[in-house]
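Reading the structure
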Amino acid sequence: MKTRKYLILNGPNLGHIGARQPEIYGSQGLDSLPKLLKQLMGEAAEGIELLFHQSNFEGNLIDRLEKARREGLDGVAFNAGALTHTSLAIADCLAWIGVPCVEVHLSNIFARTDEPLRQKSLMGKSCLGVVAGFGILGYALAVLALEQRNTQGEDEK
């Protein structure tokens, strides 16, 4: 069985998941992600390698996405934070790199009606889908969706 590699990519202010504003973003950290994947996928999770990267800088995130392309990674679960709503540069990068991506948000961005800008995604049109509002579980659901897509592609060959 081939090991698939997925990048868990986080943007600005997401270096302290689990500690930063737990009332909005939850109290679980990314260290709980492998266990959540195992709960969702059972033994199939053993064929998955997770790579983690976080940056507060837009250009660094783009560099990491381009590196994911060069590495031939199987997918990206990407929480760009506030850059989701403002970065044409990230949207442009996702549009060309050819690496499947799922947009992830810890909070339900669509319920944040007091901040309408947070309900809009510039990168969404280049993503397979969006997982929002489930805290850390959202990353596991994104990896599960990517894995499902990749294994369906193999079954059709």
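Everything below is about the structure printed above this text.
For the structure given in this document, a descriptive report is provided here. (Residues numbered from 1 in each chain as written. Predicted model: local features only at pLDDT ≥ 70, side-chain atom pairs only at ≥ 80, totals over all residues. Heavy atoms only, no water.)

Reading across the sheet, the 5 strands line up as β2-β1-β3-β4-β5 and stay open at both edges, with parallel pairing between neighbours. In the strand order of this sheet, the two ends are held by β2 (48–54) and β5 (129–132), each with one partner. The mean angle between the axes of side-by-side strands here comes to 20°, regardless of whether they run parallel or antiparallel. With 3 bridges joining them, strand β3 (residues 75–79) and strand β4 (residues 101–105) adopt parallel strand pairing. Bridged to F78 within β4 is E103. Taken strand by strand, helix α2 (residues 33–41) contacts β1 (4–10) and β2, and its axis lies near 145° from that of β2. (Pairing = 2+ DSSP bridges. Helix = DSSP H or I, 4+ residues; strand = E, 2+ residues; numbered from the N terminus. Axes fitted to C-alpha atoms, helices over the stretch in contact; angles between N-to-C directions. Contact = heavy atoms within 4.5 Å.)

To continue, consider the nonpolar core. I8, L37, I48, L50, L106, Y139 and V143 are the most contacted members of the largest nonpolar core, which totals 23 residues. For this core, the secondary-structure elements that each account for two or more residues are β1, α2, β2, β4 and α5 (137–155). A total of 5 residues in this core trace back to one element, the largest contributor, which is α5. In contact with I8, not counting residues within four places along its chain, are L30, L33, L50, L51, F52, H53, A77, Y139 and V143. In terms of nonpolar packing, the next biggest core, distinct from the first, is built from 19 residues, L9, L65, F78 and L83 among them. (Core = buried A, V, L, I, M, F, W, Y, C linked by side-chain atoms within 4.5 Å. Buried < 20%, exposed > 50% of the residue type's maximum accessible area, 1.4 Å probe, protein only.)

Here we come to the pairing of β4. Consecutive residues of a regular strand have side chains that alternate between opposite faces of the sheet. With respect to burial, β4 is a largely interior element, 5 of its 5 residues being buried. Judged by which residues are buried, β4 turns out to be covered on both faces: C101, E103 and H105 on one side and V102 and V104 on the other are all buried. Crossover handedness for the path β3 to helix α4 (residues 88–97) to β4: right-handed. Judged from the 4 bridges that link them, β4 and β5 form a sheet pairing that is parallel. What sits directly across from V102, in β5, is G129. (Right-handed = clockwise from strand over helix to strand, strands pointing away.)

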